[in-house]
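Chain by chain, the residues run as shown.
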Amino acid sequence: MENYIETLNKSIQYIKGVGEKRAKLLEKLSIFNVWDMLYCFPRNFEDRRNIYKINDAPIGTKCCVEGVVLRKLNEKRIKKNISLFALNIEDESGMMFVKWFSNPNYKIDIEYGTHYTFYGKIIEAYGRREMELEVMEKSSDIKNLLKIVPVYPLTRGLTQNVMRSLASECINKITTLKDIFSNEILKEYNLMPLDTAVKTMHNPKNFEILEKARQRLVFEELFVLQMSLLSMKENTKKANTKVISDTSYLDEFIKKLPFTLTDGQKSAIDEIMLDLKDEKAMNRLVQGDVGSGKTAVAAAAMYVAAKNKYQCAFMAPTEILATQHYNTLKNFYGDDIKVALLTGSTKGKKKLYEEIENGLYDIVVGTHAVIEDGVKFKNLILAVTDEQHRFGVNQRARLNQKGITNVLVMSATPIPRTLALILYGDLDISIIASLPKGRQKTDTFCVDSSYKTRAYNFVKKQLDEKRQGYVVCPLVEESETLDVSSGEEIYKTLSTGIFKDYKTALLHGKMKPKEKDEIMKNFKEGNIDLLVSTTVIEVGVDVPNANIMVIENAERFGLSQLHQLRGRVGRGSEKAYCILICDSDNETTKERMNIMTKTNDGFVISKKDLELRGCGQFFGTRQHGLPELKVANLFTDLEILKKAQSLCQKVIKEDPDLSKNKMLKERIKSIFQKLENPDILN
Ligand code: ADP
Ligand code: MG
């Protein structure tokens, strides 16, 4: 027997019955080698274990029936190459026809008066039961028929039977699949051996054992993923960085703030200070619900770094947000710290670049451009990225490649800790669990268009109280030109109609950065009462005096996105309101709206979002840059994830460079080779 790894990596053409043509078809199912075929698990199963009496056979489902063949095979020619065949069968309960289509030349020998077992879909025709036959077998020989049969994903040109026989060929070729787990671990975590699990996934004896096999593979999949992320973390940790020795400046910063920090903010800052003092690089994620005050946390870290004569970069996903952060920092710091703003529209870049390189600025705030272009720093020590969900694993790796060793990321989408561990497994996590004192729940209502006038009259009332408001319009089909018209239309109607006596403005993504800045500035300063906007205000925008938001066509937004949008109001101590306008009858849409009206808790909302949308869409591989999961579902398999995580911690502790776990090391390497940054793991 040859090396099993070699066998697994052999082209699928190595399997009997697969030539070039079939191999091409299999490629469409992403099956290239034996391993792929083994891991191409059935998408479903047919349960052929029970034999029904003819008169009890459930109509509309597939099942087995046993009976005696009464009469000769009946054939009716339909087309040149197709005949409809029918058999009349009988058991104690009754009689029925078994029918199928087939090539007339393909005759089957049937012994009359003999017992056969038939499998197929039961239908009702002329008030009687009939079967659309799929398989039949002599009853003396039915061990092949009475079982749970796999149903594979198909592509045009491949049949179930071909896939079934390919799968069993592959299974037979592999005598033992080597485990990455030792016998002790298998025992401790109650896992079946890998080869049994894979075989069971294709041919389960019953559904209980199938679930056990699936859980075992889920465990392995999540374990390997976790291990990959943890070893990434270990690797970045190993990097040494310059140390910020004097963190006493923190008190100075706190005194400058116009508010008292919350306990959550304090503990996040404390954790960051420890990281900065340590010569191991920092890789930390700060998670906190919208409005929990993440900016102040970042500002504290950068203040201390700057006071120690180092430079920092602060990155935001949009120009609006970068500009806002720039102003916030200047307000916090006064003239104490030199802050520069660097965005696409910044004038006199060349001079600014020089000044940054000469160390004239302590902090550079900007969009991604801050790291991606040729900006050189004199002594950069810390990079902060805001609204992390737009920065994937790969971007973080790029930061590290730039020699920026201390990284602080702020997440806009709070997610449960266990999931954060998967998604950001390479980061340490700080959670700001509380909101600043005095915040009130944003009352949220969902109404249909017929309530629009009433809704906007309510907005008017708020504006009359000297508050400000937002009207959010969806992008139409993501088309930028349509985006403008959707916002423009609504803006026109509102500004010339019900709000004609108020100061209104329109903001959308296609505007020039300067125009956008101007409008945001005016809104912030209270010169605009009502801002009609597309989702450009989604992340981070902070205008505490705004306390009411209307979201048009709310059905177009995902749950987490709605939560982010709503987070633009309720940032001060005033009572805030959010009105969702939605005309959809779709059940999931209704559920989304319902959740929004019920809770303001971002953690609850993201969990629900995950449940409604499924993990694939929620995380989107593109976004986090991780390999796709084949068997695991991060939402429903949370318990297994926890177990896998505990094993990971144990392995990393006992065998940090995986020298005793060679198989595992290989697997992790191959995962990263598929990612954009193969050099992540040295
Ligand atoms: P987010 O976590 O959503 O980024 P921000 O950092 O923008 O939140 O803060 C939201 C608002 O809360 C800002 O106006 C900020 O000045 C204010 N804020 C932050 N921390 C506190 C605090 N401890 N007490 C009162 N207000 C605070
Ligand atoms: Mg923010």
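Residues numbered from 1 in each chain as written. Chains lettered and ligands numbered in written order. Predicted model: local features only at pLDDT ≥ 70, side-chain atom pairs only at ≥ 80, totals over all residues. Heavy atoms only, no water.

On to the overall build of the protein chain, then. Scanning the protein chain for helices and strands turns up 25 helices and 22 strands. Counting all 682 residues of the protein chain, 53% fall into the buried class. In the protein chain, the proportion of contacts linking residues at least 24 apart, taken out of those at least 6 apart, comes to 72%. In the form shown here, the protein chain has an accessible surface area of approximately 32,800 Å², with 49% of it arising from carbon and sulfur atoms. (Helix = DSSP H or I, 4+ residues; strand = E, 2+ residues; numbered from the N terminus. Buried < 20%, exposed > 50% of the residue type's maximum accessible area, 1.4 Å probe, protein only. Contact = heavy atoms within 4.5 Å. Areas by Shrake-Rupley, 256 points an atom, 1.4 Å probe, with all protein chains shown as cover.)

So, on to the sheet that holds strand β13 (residues 363–366). In space, the 7 strands of this open sheet follow the order β12-β13-β11-β14-β15-β10-β16, with parallel pairing throughout. Of all strands in the sheet, those with a lone pairing partner are β12 (339–342) and β16 (428–432), marking the two edges. Going from strand to strand, the sheet's axes swing by 20° on average, the running direction of each strand aside. As judged from the 4 bridges shared by β12 and β13, these two strands associate in the parallel manner. Pairing of Leu341 across the sheet is with Val365, part of β13. With respect to the sheet, helix α9 (residues 263–277) is in contact with β10 (283–288), β15 (406–411) and β16, its orientation differing from that of β16 by roughly 155°. Lying on the sheet, helix α12 (residues 349–357) is in contact with β11 (311–315), β12 and β13; it crosses β12 at an angle near 140°. (Pairing = 2+ DSSP bridges. Axes fitted to C-alpha atoms, helices over the stretch in contact; angles between N-to-C directions.)

Each turn of an α-helix holds 3.6 residues, which means side chains three or four residues apart point in the same direction. If you check helix α20 (residues 587–598), its first and last C-alpha atoms are 16 Å apart, about what 12 residues at 1.5 Å a residue would give, namely 16 Å. Listed as buried for α20 are Thr589, Arg592, Met593, Ile595 and Met596. Axial view of α20: buried residues confined to an arc of 160°, hence all on one face. Those residues of α20 that are exposed and angled more than 90 degrees off the buried face are Glu587 and Lys598. (Expected span 1.5 Å × (residues − 1). Arc of directions from axis to C-beta.)

A few words on a nonpolar patch on the surface. A surface patch of nonpolar side chains, about 300 Å² in accessible area, is lined by Ile78, Ile82 and Phe101. Turning to its location among the elements, Phe101 is positioned in strand β6 (residues 94–102). (Patch = residues over 30% accessible without salt bridge, like charges linked within 9 Å, V, L, I, M, F, W, Y side chains within 5 Å. Salt bridge = Lys/Arg side-chain N within 4 Å of Asp/Glu carboxyl O.)

Take the site of ligand 1 next. Close contacts around ligand 1 come from 17 residues, with Gly291, Thr295, Arg439, Asp542 and Arg571 the closest. Thr260 is positioned with one of its backbone polar atoms (N or O) 2.7 Å from a nitrogen atom of ligand 1. At a separation of 2.7 Å, an oxygen atom of ligand 1 approaches a polar side-chain atom of Arg439. For ligand 1, whose accessible area on its own is 560 Å², the fraction buried by protein is 85%. A class-by-class count of the residues in the shell around ligand 1 yields 5 nonpolar, 7 polar and 5 charged. (Near = heavy atom within 4 Å. Polar contact = N/O pair within 3.5 Å; in protein donor to acceptor, adjacent residues only side chain to side chain. Nonpolar A, V, L, I, M, F, W, Y, C, P; charged D, E, K, R; others polar.)

This brings us to the packing of aromatic side chains. To describe a pair of aromatic rings, you give the distance between the ring centres and the angle between the ring planes. Taken as a whole, this structure holds 18 aromatic pairs when the rule is applied. Consider the rings of Tyr39 and Phe41, whose centres lie 5.3 Å apart with planes at 55°: the pair is tilted. Across this residue pair, the class does not change: Tyr39 and Phe41 are buried. Cluster of aromatic residues (ring-pair linked, three or more members): Phe253, Phe259, Tyr303, Phe332 and Tyr333. Over the face of the ring belonging to Tyr119 we find Arg48, whose NZ or CZ atom lies 4.0 Å from the ring centre. Above the plane of the ring of Phe97 lies Lys99, whose end atom (NZ or CZ) is 6.0 Å from the centre. (Phe/Tyr/Trp six-rings, centres within 6.5 Å; stacked < 30°, edge-to-face > 60°. Lys NZ or Arg CZ within 6 Å of the ring centre and 35° of its normal.)

Across the protein chain, the average pLDDT comes to 85, with 87% of residues at or above 70. This model gives residues 675–682 a pLDDT under 50, and the stretch forms 22 contacts once residues within four places in sequence are excluded. (pLDDT = per-residue confidence, 0-100.)

This paragraph deals with the environment of Met37. Within the secondary structure, Met37 sits in helix α3 (residues 34–38). Distance in space between the C-alpha atoms of Met37 and Leu166 is 7.9 Å, their sequence separation being 129 residues.

Attention now goes to the environment of Ala298. With respect to the helices, strands and loops of the structure, Ala298 is situated in helix α10 (residues 294–307). Under the relative-accessibility criterion, Ala298 is labelled buried at 0%. Distance in space between the C-alpha atoms of Ala298 and Leu408 is 7.9 Å, their sequence separation being 110 residues. For Ala298, the contacting residues outside a window of four places in its chain are Phe314, Val384, Leu408 and Met410.

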